[in-house]
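Coordinate inspection notes
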Amino acid sequence: MDKTCTKTPAAMSPHSITCKCPHKLSLVSFAISLLLSSNLAVGQEPDKEQREDKKKDIEVVLVEGKYIVNDKLDTATGLGLTLQETPQSVSIITDQQIIDLGLGSLTDVVNSAAGVSSRAFDSSRNSFSSRGFDIDNYQIDGIPVNWSGGSSAGETQTDTALYERVEIVRGATGLLTGAGQPSASINLVRKHADSAVFDGYASVSASRWNTYHAEVDLSNALNESGSIRGRTVMVYEDGDSYVDYAGNKKSVLYGVVDADITEQTLLSVGASYQDNDPTASQWGGLPIFFSDGSRTDWDRSKTVGANWTSWATKHKTYFVNLKHQFNDHWAARFNYNRTQSSSDMKLLYLYGLPDRETGMGMGASPARYDNKRVQDDFGVRLTGQYALLGREHELVLGITHSKQDFDYYNYTHSEAADVGNFFEWDGSYAEPSWDNRAPFQKESTKQTGYYLATRLWLTDDFKVIAGSRIADWERVDHLTDDSYGNNGVVVPYFGALYDLTENYTLYASYTEIFQPQDAKDAKGSYLDPLTGINYEVGVKSQFFDDALHFTVTLFRTEQENYAVEDTDFIPTDEQLIAYRAAKGVTSKGFELEMVGDITDNWKISANYTQFDASEQNGDGESNAVNTRFPNKLFRLFTTYHWQGLTVGGGVNWEGESYTDVTNEGTGMNERVTQGAYALVNLMARYDINSNLSAQLNIDNLFDKTYYSQIGFYTQLAYAEPRNVTLSLKYKF
């Protein structure tokens, strides 16, 4: 039987993906039905022992109250391996860490996780990076979703209430994700209906700047036997901001039904909906320089947003997952997932440099856009065991196909008003009239992958993992009818692990990923895809009966077929510029991570990352790349529980980051820097009784002033000051 299942075949792992689903009203109705049916499955309220027995019958990956996951995961290879058995750097932010640190969005998770970091573009857009490379896709239940930070539709603001945990695999992950950068794969693992009795919680919280948050998470059986179960999550948040005139309203709905069709077959169907409705959104940031070339020094509340500016987003997913266990050794899974992200943008970009004395000199460029990104994914996976040379080995093979349509529209507008004295900016800048909606970008991307991997037990202590993906990728620009892509790209995967002792495992891996390019060579042919190659060695350790994990990792990542301009090319009427393939970015560094339980009451998550990422220019000189992200990171958070009281604290430290810009006031090139800084965070939680608890979180305890970004379009933005959140949570 599948080792990820519980004691009975009916309790199969409810890891799902996506399908057709109800509208917003239907999700609310589903939530109400769960409440009304709280006694439906059993006729009367079961006693505590019965409740626990029913939960055990269907729970699969139980991470409640933990900072680690000891179960088998598919994120890196699809083989269902534990963290100790996976020959790559894998970090997990569990549900308990999300609760303790008060992580409300995907960006919050990235800013607290090992080896990854975030930088803002402006108030609504963020970009992620790992090991010197941008992260340009994420996953939901293992299904890759491509996105662009520049044309974001709320992806980085995804609410964590929908997810059981977040898994992050660093390095090249092309075996399962297909195209992308050799940075990291972020997998959001959905919550599922894992209780056959009425269960869940409701919470409310209040933070600075008049921010109020309410959240409900309910699970229940939908029939008498508990073979059909439902779960719903509802979130509402409304608040202002530390930035003048800014605020946001957020609504989140989620519903899932998990049904044991037979003792061997599990069906999961669900949908989610998130609506972000901000006010006074910023597009870009504050000027770094005055017109005389001297540096500005704004209040953290200063804004370039107006009362009417908004980057409103909606994010929807629909999913279905069917899993069947053929016997004790073989299982199959079918997935369908639809992701819909859309934005409605009314924006204002302020440019130029203000006069130090008068505040005059800035110009305004209003813009209105709307976009929609729809992605459909299908996947079939077969996993099992086979005998060879007297030993049992594991195998996974699968097919994935995705199609994404992206439409982007812009509007014409009336003449922009003068900015006037920027020192007196109060958000009352007049909104222009909008007209003539026209397509700005319209493209579709198709990707198909065929993958296979196996784990060979050469001895009891020495295992080898080998696999490959054959990928087809094509993008079509429907406005120009241009297309580019690659077929039959081979993406190899190789890993080896040796158990030095029961607690120590030595590992090494070679992984790849590819990224198609739209650059043409001197003959008019598209260059081969940009290839990211990751070499990694390390030691994984586990202590205290697998309660505490410690990992040491050394890595080197290289890019091949990087497009650089061919200076010998003579332009023609058909082609104005040509490129040649060259060696791209090289990143090398190390990571240290310790996470888990030091004692039954003492939990810790600590990690340190350091790397150097550079590329050679045409003169053979080595230049650092992606320097707006730090290349040194330290994260620490720890909690201690004693007689109903949990206290915790930690520090997020980031090394120096910088951007080289042109100071328009002097005409000289200048480096603008965010120096190394540390943010101290504290929390305390008290269990008032067995059901009710109160929690206090203080973020940025010492009110450190720092930038959320500096240098993007020669502008800057300040990050959030000290914030305090008080919450109450009631468990049913």
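In this report, the structure presented in the accompanying data block is examined. (Residues numbered from 1 in each chain as written. Predicted model: local features only at pLDDT ≥ 70, side-chain atom pairs only at ≥ 80, totals over all residues. Heavy atoms only, no water.)

Remarks on the environment of Gly255
This is how it is decided: The way it works is that DSSP assigns letters per residue, a run of H or I at least four long becomes a helix, a run of E at least two long becomes a strand, and they are numbered from the N terminus. Relative accessibility under 20% of the residue-type maximum defines a buried residue, over 50% an exposed one, and the middle range a partly exposed one, all with a 1.4 Å probe and only protein chains included.
Within the secondary structure, Gly255 sits in strand β12 (residues 247-260). For Gly255, a relative accessible area of 6% translates into the label buried. When the C-alpha atoms of Gly255 and Ser91 are compared, they prove to be 27 Å apart, with 164 residues separating the residues in sequence.

Structural notes on the layout of surface pockets
Cut-off, in case you're wondering: Any residue with an atom within 4 Å of a point lines the site, the site being either a cavity, points on a 1 Å grid over the protein atoms alone where a 1.4 Å probe fits but cannot get out, or a pocket, an open set with protein on both sides within 12 Å along at least 5 of 7 lines. Grid points are joined across faces, edges and corners, and a volume is the space filled by probe spheres set on the points. Residues are grouped as follows: nonpolar covers Ala, Val, Leu, Ile, Met, Phe, Trp, Tyr, Cys and Pro; charged covers Asp, Glu, Lys and Arg; every other residue, Gly included, is treated as polar.
Of the pockets and cavities examined, the second largest pocket occupies roughly 1300 Å³. At the level of elements, β3 (126-130), β4 (133-135), β18 (391-413), β19 (434-457), β20 (462-477), β21 (483-499) and β25 (562-565) are the ones that each hand at least two residues to the lining of the second largest pocket. When the residues that make up the lining of the second largest pocket are grouped by side-chain class, the tally is 18 nonpolar, 20 polar and eleven charged.

Thoughts on the sheet that holds strand β7 (residues 163-170)
Put simply, the rule is: DSSP-based pairing: two strands are paired if at least 2 bridges between them are found. Between N-to-C directions, angles span 0 to 180 degrees; the directions come from axes that are lines fitted to C-alpha atoms, helices contributing only their stretch in contact.
Taken in spatial order, the five strands line up as β1-β7-β8-β5-β6 in an open sheet, and their pairing is mixed. Whereas interior strands pair on both sides, the edge strands pair on one side only; in this sheet they are β1 (90-94) and β6 (143-146). Averaged over neighbouring strand pairs, the angle between their axes works out to 25° when direction is ignored. Bridge count for β1 against β7 is five bridges, and the pairing is antiparallel.

Some remarks on the sheet that holds β4
In space, the three strands of this open sheet follow the order β2-β3-β4, with antiparallel pairing throughout. With partners counted over all chains shown, the strands left at the sheet margins are β2 (117-120) and β4, one partner each. Averaged over all pairs of adjacent strands, the angle between strand axes in this sheet comes to 40°, irrespective of strand direction. Sheet analysis places β2 next to β3, joined by four bridges and oriented antiparallel. Bridge pairing links Ser117 to Ser129 in β3.

Observations regarding the packing of aromatic side chains
Which entries qualify depends on this criterion: Here a Phe, Tyr or Trp ring, Trp counted by its six-membered ring, pairs with any other such ring whose centre lies within 6.5 Å, and the pair is stacked when the planes are under 30 degrees apart, edge-to-face when over 60, and tilted otherwise. Geometrically, a lysine NZ or arginine CZ counts as sitting over a ring once it is within 6 Å of the ring centre and also within 35 degrees of the ring normal.
Per the counting criterion, the structure on display carries 29 aromatic pairs. Judged by centre distance (6.1 Å) and plane angle (70°), the ring pair of Trp283 and Tyr369 falls under edge-to-face. A residue pair is termed long-range when its members are at least 10 positions apart, and Trp283 in the loop between β13 (265-279) and β14 (286-287) and Tyr369 in strand β17 (residues 363-388) qualify at 86 residues. You'll find Trp283 and Tyr369 in the same group, each marked buried. Three or more aromatic residues joined by ring pairs form one cluster here, namely Phe121, Trp283, Tyr349, Tyr369, Phe406, Tyr408, Phe440, Phe712 and Tyr713. Between Lys302 and the ring centre of Phe422, over which it is positioned, the NZ or CZ distance is 4.3 Å. Its guanidinium or amino end placed over the ring of Tyr658, Arg671 lies 3.9 Å from that ring's centre, counting from NZ or CZ.

Topic: the pattern of salt bridges
The criterion, for reference: Salt bridges are defined as contacts in which a side-chain nitrogen from Lys or Arg sits within 4 Å of a carboxyl oxygen from Asp or Glu.
Taken as a whole and assessed by the stated rule, the structure comprises 35 salt bridges. Across the salt bridge formed by Glu85 and Lys72, the nearest N and O atoms sit 3.7 Å from each other. A residue pair is termed long-range when its members are at least 10 positions apart, and Glu85 in the loop between α2 (48-58) and β1 and Lys72 in the loop between α2 and β1 qualify at 13 residues. When its relative accessible area of 25% is taken as the criterion, Lys72 is described as partly exposed. Note that Arg125 and Asp122 form a salt bridge whose closest N and O atoms lie 2.6 Å from each other. Residues joined by salt bridges that share partners form a network here, namely Arg131, Arg170, Glu536, Glu591 and Glu593.

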